[in-house]
Amino acid sequence: MFDIDWRGLLLPLAYLVVLVGTFMTFSTVYRKRKAVESANLAPWFGPHLQRNIYLSILHMEPEEGSEKAPKVPDSVIRAALLRRAVEDIHRIIQIRTAKQACSTLLQRGSVGDDLWQRFQRAEKEMEEELRDVVMEANALVPGWGQIIFQSANEIAANKVLRDRLEEIEQQTERDKEWWEKRRATIKNEFMKELDEEAGDKAQSKTSTNSVAGSEDEPVLVGTDTPSATPSGASKKKSKK
Amino acid sequence: MSTDYAYDEEGFLWPFFVFTLTLIITIPLTFLLIKRSRDPAASFPRIQTSFKHDHTDTVDTLRKQERRKDRKLWLFFAVIAGWAVMGYMLYLIQTTEAPTHKLWNPYDILNIPETATEKQIKSTYKKLSLRLHPDKAKPDPSKNETIEDLTARYVEISKAYQALTDEEIRNNYIQYGNPDGKQGYSINIALPKVIVSDGNGKYVVLLYSVLFGVLLPYLVGSWWYGTLRRSKEGVLMESANRIFREYKDTIDEGGVITALSTGKEYEELFKGDKADSGLSKVESRIFAEGELSPLAGGLSVKDKEKLEDLDSGPRRKVLALLWAYLGRIELDDAELNKAKFAVAPIAHSLNKAFNAISLAYMNTGPLLASYYTSQLLIQALPPKSSPLLQLPYFTPAVVKAVEGDSRIHTSVQSFMDRPDTKRRSLVVGKNLLSEEQYREAVSVAKQLPFLRVAKAYFKVTGERFIVPSSLVTLVVKGRFVPPGSEKVPDIDPNDLEDVDPAEDDLDAISGRKTQKLVGKDEKTGKPIYESAETEHIAAPLAAAPYFARDHSPRWHVFLTDSKQGRVAVPPFTFAQFDRPIFAADGRTPTFAMQTLKAQFQAPPQAGHYTFVMHVVCDSYVGFDTKMEVTLIVEEASKAAAMAADDEISEPDEDSIAGIMHAAKGGQPKKRKPAKEDDSDSDEESGTDDEDDDTSATNTDTEPEN
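- As named in an unreviewed UniProt entry, chain B is Sec63 Brl domain-containing protein, taken from Corynascus novoguineensis.
- Per its UniProt entry, chain B bears the Subcellular location (unreviewed entry) comment "Endoplasmic reticulum membrane".

- Going by what an unreviewed UniProt entry lists, chain A is known as Pre protein translocase subunit Sec66-domain-containing protein and is assigned to Corynascus novoguineensis.

### With respect to unusual backbone geometry
Residue and element names in this part refer to chain B.
Right, on to step 1. With a phi angle near 55°, Asp332 is a residue other than glycine that sits in the positive phi range.
Right, on to step 2. With respect to the helices and strands, Asp332 occurs in the loop between α13 (314–326) and α14 (334–361).
Right, on to step 3. By relative accessible area, Asp332 is classed as partly exposed at 39%.
Right, on to step 4. Here the phi dihedral of Lys487 falls at roughly 55°; this positive angle occurs in a residue that is not glycine.
Right, on to step 5. Looking at where Lys487 falls in the secondary structure, it is placed in the loop between β4 (471–480) and α20 (506–509).

### Digging into the UniProt feature "transmembrane region" (unreviewed entry) in chain A
Right, on to step 1. As annotated by UniProt and renumbered to match this structure, "transmembrane region" (unreviewed entry) occupies residues 12–30 of chain A.
Right, on to step 2. From the first C-alpha to the last, residues 12–30 of chain A spans 27 Å; its make-up is 100% helix and 0% strand.

### As for the packing of helix α3 (residues 74–108) of chain A against α14(B)
Right, on to step 1. Interaxial distance between α3(A) and α14(B) falls to 8 Å at its minimum, and their mutual angle equals 125°. Comparing the axis directions of α3(A) and α14(B) gives the class oblique. As for the relative orientation of α3(A) and α14(B), their crossing is right-handed in sense. Only Ala356(B), Ile357(B), Ala360(B) and Tyr361(B) of α14(B) make contact with α3(A), whose side of the interface consists of Thr97(A), Ala98(A), Ala101(A), Thr104(A), Leu105(A) and Arg108(A).
Right, on to step 2. A class-by-class count of the residues in the contact of α3(A) with α14(B) yields 7 nonpolar, 2 polar and 1 charged.

### A word on the interface of chain B and chain A
Right, on to step 1. Counting from both sides, the interface comprises 30 residues of chain B and, opposite them, 37 residues of chain A.
Right, on to step 2. Of the roughly 2900 Å² buried where chain B meets chain A, counting both sides, 55% is carbon and sulfur surface.
Right, on to step 3. In this structure, the connection of chain B to chain A is made through 0 salt bridges.
Right, on to step 4. For the interface between chain B and chain A, the tally reads 5 residue pairs in polar contact (both at pLDDT 80 or more).
Right, on to step 5. Among the elements that make up the side of chain B that touches chain A, the one with the highest residue count is helix α9 (residues 237–246) of chain B (5 residues).

### Let's talk about the sheet that holds strand β8 (residues 555–561) of chain B
Residue and element names in this part refer to chain B.
Right, on to step 1. One open sheet accounts for 4 strands, arranged β9-β8-β12-β13; its pairing is antiparallel. Only two strands of the sheet have a single neighbouring strand rather than two, namely β9 (566–574) and β13 (625–633). Neighbour-to-neighbour, the strand axes of this sheet turn through a mean angle of 25°, independent of strand direction.
Right, on to step 2. Pairing of β8 with strand β12 (residues 607–617), which is carried by 6 bridges, proceeds in the antiparallel orientation.

### Re the pattern of salt bridges
Two side chains carrying opposite charge are able to pair once their charged atoms lie near each other.
Right, on to step 1. Summed over all chains, the structure comprises 21 salt bridges over all chains.
Right, on to step 2. Of the charged contacts in the structure, one is a salt bridge between Glu129(A) and Arg51(A), with a shortest N-O distance of 3.1 Å. Remark: Arg51(A) occurs in helix α2 (residues 49–58) and Glu129(A) occurs in helix α4 (residues 113–140); sequence separation between them is 78 residues.
Right, on to step 3. Arg423(B) is paired through a salt bridge with Asp420(B); the nearest N and O atoms lie 3.3 Å apart. With a gap of 3 residues between them, Arg423(B) and Asp420(B) both fall in helix α18 (residues 420–427), about one helical turn apart.

### Remarks on the pairing of β4(B)
Residue and element names in this part refer to chain B.
Right, on to step 1. Burial within β4 is extensive, with 9 of its 10 residues counted as buried.
Right, on to step 2. Of the strand pairs in this sheet, strand β3 (residues 451–459) and β4 are connected by 8 bridges, and their pairing is antiparallel. In the sheet register, Lys455 faces β4, and the bridge partner there is Lys477.
Right, on to step 3. In the sheet, β4 pairs with strand β11 (residues 593–601) via 9 bridges, with the strands oriented antiparallel. Counted as the bridge partner of Arg479 is Met593 from β11.

### Quick notes on helix α3 (residues 73–95) of chain B
Residue and element names in this part refer to chain B.
Right, on to step 1. Under the 1.5 Å per step criterion, the end-to-end length of α3 is 33 Å for 23 residues, consistent within 8% with the ideal 33 Å.
Right, on to step 2. Three or more residues of α3 are buried, namely Leu75, Val79, Gly82, Met86, Met89 and Leu92.
Right, on to step 3. Looking at the buried positions of α3, the neighbouring elements they touch are α1 (14–37).

### Comments concerning helix α11 (residues 279–287) of chain B
Right, on to step 1. Every buried residue of α11(B) is accounted for by Leu279(B), Val282(B), Glu283(B), Arg285(B), Ile286(B) and Phe287(B).
Right, on to step 2. On the buried face of α11(B), the contacting elements are α12 (301–309), α13 and α14 of chain B.

### Section: the sheet that holds β3(B)
Strand-to-strand pairing in sheets goes through backbone hydrogen bonds, with the strands running parallel or antiparallel.
All names here are of chain B.
Right, on to step 1. Taken together, 3 strands build an open sheet; the order of strands is β3-β4-β11 and the sheet is antiparallel. The open sheet terminates on both sides in strands that have one partner only, identified here as β3 and β11. For this sheet, the mean inter-axis angle between neighbouring strands, taken without regard to orientation, is 20°.

Parameters at a glance
Residues numbered from 1 in each chain as written. Chains lettered and ligands numbered in written order. Predicted model: local features only at pLDDT ≥ 70, side-chain atom pairs only at ≥ 80, totals over all residues. Heavy atoms only, no water. UniProt positions renumbered as here; feature names shortened; annotations may be inferred. Helix = DSSP H or I, 4+ residues; strand = E, 2+ residues; numbered from the N terminus. Buried < 20%, exposed > 50% of the residue type's maximum accessible area, 1.4 Å probe, protein only. Axes fitted to C-alpha atoms, helices over the stretch in contact; angles between N-to-C directions. Parallel < 35°, antiparallel > 145°, perpendicular 65-115°, else oblique. Left-handed = near helix turned anticlockwise from the far one by under 90°. Contact = heavy atoms within 4.5 Å. Nonpolar A, V, L, I, M, F, W, Y, C, P; charged D, E, K, R; others polar. Buried area = accessible area lost by both parts, 1.4 Å probe. Salt bridge = Lys/Arg side-chain N within 4 Å of Asp/Glu carboxyl O. Polar contact = N/O pair within 3.5 Å; in protein donor to acceptor, adjacent residues only side chain to side chain. Pairing = 2+ DSSP bridges. Expected span 1.5 Å × (residues − 1).

Encoded structure:
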């Protein structure tokens, strides 16, 4: 019935194949690259040291020679969990404060898309982490899960405050030293002034002469030293 | 009546086409090239100084390199090629003869004037037919005529005659320009015949596929990925991300410097083995004991720890070099010194990203730290160092002579406010400044643009009260008073007022023109304003002998809430002013009152709001102003009640408000005759309602300093 000219159709078909093939290769390569990129995104937070400590205490490997793992006292495990919760609090605070800023910056185009992806992943991880801590706490002491983060929060706030206090206290020594020195110089200056005042009355005439002389003097110095002073300064610098 | 498209065989059309096309492309490119090759900094005034430090040459070469980077070689060649093509096309147009199509004109054929009457036409035709009828005339062999020529000529003549006498043919002639009726016309395509001739087709197809299959996707792709690669602030996205990670609410200037060293932009500077070379030398220099600070680089112990925590590599070297730059430390190595001056401008550009990030957080501390870091980078000063080091020839030794052991730094202003003899006796001496150097330093100090705020207040345009959620304008009035200026004139109280434009002055309302104070009305004492073209006067380029870029100083005005430590109104940036700062010689200050305006929305609740207003200059250390301003927001109902009592605020009949008032059933107020006298000249119209235009209710606060 229909006499199909296969040879004539060859060209359009080849065109279609090339077109579709190009698009498909492009899309697969692009997607693969995206996936690799998002998989390789650096984590928002560094390694969670406190969690690692807690987990290693919880799952102590038996030492060589003995069959049973060493018994870790409950109080140590609980303390380790509390430390882990404190670190979590730090991270949550960081995420909460950064979230608003990060999303506005992303909208404005001031930060990149991958930062936002990293951020969202960190947020999700933190949610998991919190749930995990609550479950662990409940397993250790029933009902502890409800209050563990309250105490962790207080510990964290206390630590921040104490750090700042320490920082301020560290300065006291230096400030004291400086003030002693400063007081000595001020005292010296006062004494000198008093001496001068006493001397002034005797030499009031000669002092007027010296003032008149001093007006000329700087000009003389000025013509002599301009080449000498900068080079002197640079020499001083180079000696350091 | 055929329509056929012909290619341009004679070659007289396509030069026009190509010429137009090249013109459209080349003219903008040429404009771009001229604009680029002109030094953008040349149009700015400069601070006059002859100061040179040991590395002025290095800094100058870096500045020149940056300028050269802007110039694109391909642009130059493209423009040359464009003009060459246009020239050739013009030559072709000149030389190619266009085939001429003569208009068919019956009068010419009959050789009679167009004013000829019918009688004349008839007689001429008869005479001609007697002479030229093919039966009568003989072909002239000397003119190479044949019998056909004669016949053709006679047909033409009779056609022309008919065209002038016969009604139908005459109509044809008038309508179509030809006695035979509508003629076929041809459309020529302005492309040379060559591209469609046999054998060339495949090249044309190849050209097309290269243009649309390769070049277009490449251009679109490079544009798209280019926009993805850089953030809105013009830094690499990767750098912006890294800086975001470094942000902390308690960050100080040293922390900002550390954050800025994370940029990816530096990697271009330190490739391969350059990444580590000289690092230990730089570090030993910046950790040496300094004259003014415990460490020569001016960094705090905390910053030093941060630097030592880094892995050695490009980032650590960048940070060390930044501290060496800020501490103005001699590195005794041409390459290291050059790198030292090269990292600072990059850090300054990255600071824009940090600024945007700190604005997103809306915390005052980091935002201020960002501006202060900008000042430090431009002036090459470590954090918490003396502002006096900004002056030329001022070395740590000189600063020590001025400040002594005091922990509070002397600002340039307070140093210059001292009497000349006193400051001279402090700094001129052995190992200090020479007389000449002192004079140079003082002359530079007297050119620094210090914006002294005279008054800052809030107002709503055209209203007496600030009601909740209205659009409030913060008006900052200030004068540029360089440190150490003598004979500063008193402030003219008229300058401090901000008069609204008249209601019918649409240009002024929409900000298309500004008003200029010309004088005072003698009778009423009201200031007279004259509308003037907006002038944009930039402050002189920052006096920054160590910064390897030309930087035009900017002023940022923003309001913060001091209790919460948060930014209430984000910064408004001013780089240009409407009144001249310096007189024509470039060093005499005019002390003209400048007006800075920032608009924002008032809080939704009534009450007294106390803000701290910061006016921060991004180029000079210690030139910032910080003062308290109070925004009084009145209850909307109270403000309305007060307005109702007020006779003046009843709308005029010819204003929009008046029409609205009339529509509500109110009697529009007639203009007072006295006012008409007042407003007979357009120039004075701005002064009419001065009393109710100037918002007098707001708290005006005098600056602290």
